[in-house]
Amino acid sequence: MANEALIPLMKQKMKTDNREGRTTLGIIGTGNFAVALAKRLTMSGYDVIMGSRRPEARQNNLTMISDCLCGVELTSIAECFRKASIIFVALHMEDFKITLEPFVDAARGKILIDVSNREHPHAAISNAEHLASVLKHSIVVKGFNSISAYTLESFQESGSGHKVFIASNDSMARNKVADIAKTMGFSVVDLGGIRSARFMEEFVLRVFSHWKIPIFFTFGIFNLWSLYIVYLYFIEASVFQWEQVFLKVLNKPLCMTAITVLAITYLPSQLASIVQVYNGTKHKQFPRFLATWLKSRKQFGLISFFLITIHVIASTVMMSPTYYSSWFRPVTVTVPANVSVSQVLPVSPGVMIWKGEAACLVGITAFVILAIVAVTSIPSVGDSLNWSEWRCIHSKLSLAGLILTVGHVCIMGAPNWVNLETLKLFKSITFLSILLPLLVILLRLAFSCPPLSGYLRKIRRGWERNSESQISPLVQEEPVTILHQFDEKMVNGYQGVRLESSCCCDNTAPAPSTSSCNQPKSVSFNVQCECSAV
């Protein structure tokens, strides 16, 4: 990019009639976003016309990075409306009325794509709705407002990972704009009517909206554990020196906060199960705090993993008999009393005992598992997993990580718990830090075992306890016919669709059987077949 020449926009008219199959798109505006948009559209195979209020004044100072854009035509706004049927409006909302109102008739029937964003999150109407009120006979589509100029220009940074949200009252216009976005290499999310533009414009103004509550909550938990550590080790008893605050002492509330936040990550799922079992339905809304908590689980989990990573690094730095004396076998040297000659006795550091090695092994395993869970939370990685894989990692593997984390703490603290009185036991930081994680694990196990597991599964499949007219799903052991997935001729016989499995249920017969499926070359397996009694 650094070696590319600066080529000014060409004023000459392009002979677009000779370019068969190329669509001409217009851009009203000559700012940074408009220039980046013109570059991306040109590289995507479109002919681009840029309209300006003062094309002659812009001609001398407007340049583009890339010699392939030398054919972009810079003209007046009226000429842009005349030549293009789909036009990007790259203007600020304040300029809509004064700039575009004179072209109401010229814009009649044109598809206008509003790419602007407002400066304030709260507004009565969106910019797109305001544009539609100015050009009443045009078709306004909101889109591309979540894409930056840098993303448009950087081909290696953009692509299917970036989403273009689209909203318009005209479905055909939405489809046309969606095709343009896909041709540019973006994925498209259709949000329906133009009222969705309010959400689109408000969304880009949010600054870490889903992170604020988890961060402040984590900060509060860390402060509480820190105060308790100071009271326990500096006020009640002088265990550490103040010089050890920066690493040794700080590492304690850090790891306690990490395991507490990790438990908080998985606790709302169990609370949601309790609410659903209590209500006997899944159709009743959760309390507002629980709904917000459920939406923040990803943020809590990533914060917990960040704190755990810091704890692992700090513990690795301090890994020595000086800091972890209970993990190592002490080395003693006995000098006879009658020896008067000074002797040099080399002493090697003590090796780890079972407690140290077991705590390290379990801790490392838990850290690796939580790292896998954290990595799959990245959208680009998570999108490569199917639902079963994603659920296996974030449901089963994450539970294993939580159990191993609790096991790591128990290995460190359990040898001391047996020698403590009941009152002192509840003052132990290791014991206190695992109470909430243990509660989460017990709740998870309770909802994973009969009869709660089956009852909860029925509720989440639509069953309602207080409904009399409902049709309960029947879950029973029945033979299921599986088509041979490699038999192309047989599959092509079923409307050319490649089928891999088929659940066969005959609701008119007393009991389902494989004879009700007229499918050749089939193999029966005894699996769970779910059929509605209709």
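Residues numbered from 1 in each chain as written. Predicted model: local features only at pLDDT ≥ 70, side-chain atom pairs only at ≥ 80, totals over all residues. Heavy atoms only, no water.

Our next topic: the packing of helix α11 (residues 288-295) against helix α12 (residues 297-317). The geometry of a pair of packed helices is captured by two quantities: the angle between their axes and the separation between those axes. The interhelical angle for the contact between α11 and α12, taken along N-to-C directions, is 55°, at an axis separation of 4 Å. Here α11 lies oblique to α12, going by the angle between them. Here α11 contributes Trp293, Leu294 and Lys295 to the contact with α12, which in turn contributes Arg297, Gln299 and Phe300. The residue makeup of the contact of α11 with α12, split by class, is three nonpolar, one polar and two charged. (Axes fitted to C-alpha atoms, helices over the stretch in contact; angles between N-to-C directions. Helix = DSSP H or I, 4+ residues; strand = E, 2+ residues; numbered from the N terminus. Parallel < 35°, antiparallel > 145°, perpendicular 65-115°, else oblique. Contact = heavy atoms within 4.5 Å. Nonpolar A, V, L, I, M, F, W, Y, C, P; charged D, E, K, R; others polar.)

On to the packing of aromatic side chains. Enumeration according to the criterion identifies 14 aromatic pairs in this entry. Taking the centre distance of 5.8 Å and the plane angle of 35° together, the rings of Phe199 and Phe203 count as tilted. Of the two residues, Phe199 and Phe203 are both situated in helix α8 (residues 196-203); the distance of four residues between them amounts to about one turn of the helix. With a relative accessible area of 38%, Phe203 lands in the partly exposed category. Judged by centre distance (6.0 Å) and plane angle (85°), the rings of Phe217 and Phe300 are edge-to-face. Within this pair, whereas Phe217 is found in helix α9 (residues 212-235), its partner Phe300 is found in helix α12, the two being separated by 83 residues in sequence. (Phe/Tyr/Trp six-rings, centres within 6.5 Å; stacked < 30°, edge-to-face > 60°. Buried < 20%, exposed > 50% of the residue type's maximum accessible area, 1.4 Å probe, protein only.)

Taken over all residues, the pLDDT of the chain has a mean of 81, while the share at 70 or more is 76%. A low-confidence stretch, residues 471-478 stays under pLDDT 50, and its non-local contacts, those more than four residues away or across chains, total 23 contacts. Confidence drops under pLDDT 50 across residues 480-534; counting only partners more than four residues distant or on other chains, this segment forms 87 contacts. (pLDDT = per-residue confidence, 0-100.)

This next bit is on unusual backbone geometry. Most peptide bonds take the trans configuration, and most residues that are not glycine carry a negative phi. Looking along the chain, the bond that leaves Pro450 and enters Pro451 is cis, with omega of 0°. Of note, Pro451 is situated in the loop between α18 (435-448) and α19 (452-460). Its identity as a non-glycine residue notwithstanding, Phe144 has a phi of 65°, on the positive side. Mapped onto the fold, Phe144 is located in the loop between β8 (139-143) and α6 (149-153). Take Phe144: its relative accessible area is 0%, and that puts it in the buried class. Located in the positive-phi region is Phe208, a residue other than glycine, with phi close to 50°. Relative to the helices and strands, Phe208 resides in the loop between α8 and α9. A relative accessible area of 61% means that Phe208 is categorised as exposed.

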